[in-house]
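# An overview of the molecular structure
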Amino acid sequence: MEPRAALVEYGRRLYERGLIGGSEGNLSLRLAPDRLLVTPAGVSKGFLGADMLVETDLFGRALREGPWRVSSEVRMHAVVYARRPDVGAIVHAHPPVATAFAAARLPLEVAVLPEAVVALGPIPIVPYATPGTEELAARVGDAAQDAQTLLLENHGALALGDSLERAWQRMEILEQFAKVTLHARALGGARRLSDDEVERLAALRAKGAYGPPPAPRG
Ligand SMILES: [Zn+2]
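Summarised in this report is the structure supplied together with it. (Residues numbered from 1 in each chain as written. Predicted model: local features only at pLDDT ≥ 70, side-chain atom pairs only at ≥ 80, totals over all residues. Heavy atoms only, no water.)

### Points about the overall build of the protein chain
- From N to C terminus, the protein chain includes 7 helices and 7 strands.
- Against the 2.2 N^0.38 benchmark of 17 Å for 218 residues, the protein chain shows a C-alpha radius of gyration of 17 Å, consistent with a compact globule.
- If you line up the protein chain on its principal axes, its C-alpha atoms span 55 × 35 × 35 Å.
- Relative to its full complement of 218 residues, the protein chain shows a buried share of 51%.
- Across the protein chain, the fraction of contacts at a sequence separation of at least 24, relative to all contacts at a separation of at least 6, is 66%.
- Taken as a whole, the protein chain presents about 10000 Å² of accessible surface, with 55% of it coming from carbon and sulfur. (Helix = DSSP H or I, 4+ residues; strand = E, 2+ residues; numbered from the N terminus. Rg over C-alpha atoms; globule rule 2.2 N^0.38 Å. Buried < 20%, exposed > 50% of the residue type's maximum accessible area, 1.4 Å probe, protein only. Contact = heavy atoms within 4.5 Å. Areas by Shrake-Rupley, 256 points an atom, 1.4 Å probe, with all protein chains shown as cover.)

Structure (structure tokens):
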């Protein structure tokens, strides 16, 4: 899919699924090693036009003047692209159940469902900072060194991928997984998979069963 058409399409999917509402959330993808395409500020990402998307440099600065302002949360995206060369796309949404865990500051234990271990991996909770600030961007950048899926404390969630398809899948899987966790709690709590099994699944993830593993620190 052409990059602009893809951002429009995945924005629509997030909205239809109820993972964003109003003008919440933002999406981006990497057009070139140092060039990004980002959704605009202040509009519903469920009804984007291809001409509304903003091209930026790797700092999130718009490359040319235009009628659309780049997302106020662009720095959080830009920091991840700068630090993770393997990341090709980022989806930020406020999925209601996963965000409830982020608001309650309760971590999601992935070692209870194979899909969560393989597709999501460990899910850090990024300590709260005001949305759109450099402080939040720095905290997200640190946490994203070792993760593909992040909860933002009292805010929402972030999913990374080598492609936009993969980042979007992770956001959907995260919300499904949060729902299952919530239901399991009502039934007395989910039982953890055995350590052996978690290791086997983690090895699948490391082998690239679901996108490339995080880049080495450096
Ligand atoms: Zn947000």
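### Observations regarding the nonpolar core
- Ranked by size, the top nonpolar core spans 42 residues in total, and within it L151, L164, M171 and L174 carry the most contacts.
- Of the residues forming this core, the biggest block, 8 residues, is contributed by helix α6 (residues 164–186).
- Contacts of L174, omitting those with residues within four sequence positions, involve A98, L108, L120, I123, T149, L151 and A157.
- Core analysis: the next-biggest nonpolar cluster, separate from the first, contains 22 residues, M76, V126, A129 and A143 among them. (Core = buried A, V, L, I, M, F, W, Y, C linked by side-chain atoms within 4.5 Å.)

### Quick look at the sheet that holds strand β7 (residues 156–161)
- As summarised here, the arrangement of the 7 strands in space is β3-β2-β1-β4-β7-β6-β5, forming an open sheet in which the pairing is mixed. With one partner strand each, in any of the chains shown, β3 (54–57) and β5 (125–126) form the two edges of the open sheet.
- Note that strand β6 (residues 149–152) and β7 share 4 bridges and pair antiparallel. Across the sheet, L150 pairs through a bridge with L158, a residue of β7. (Pairing = 2+ DSSP bridges.)

### Comments concerning the environment of E175
- Within the fold, E175 resides in helix α6.
- The class of E175 is buried, set by a relative accessible area of 4%.
- On a C-alpha basis, the gap between E175 and V97 in space is 6.3 Å, while along the polypeptide they are 78 residues apart.
- If we ignore the near neighbours within four places in the chain, the residues touching E175 are L19, P95, P96, V97 and A98.

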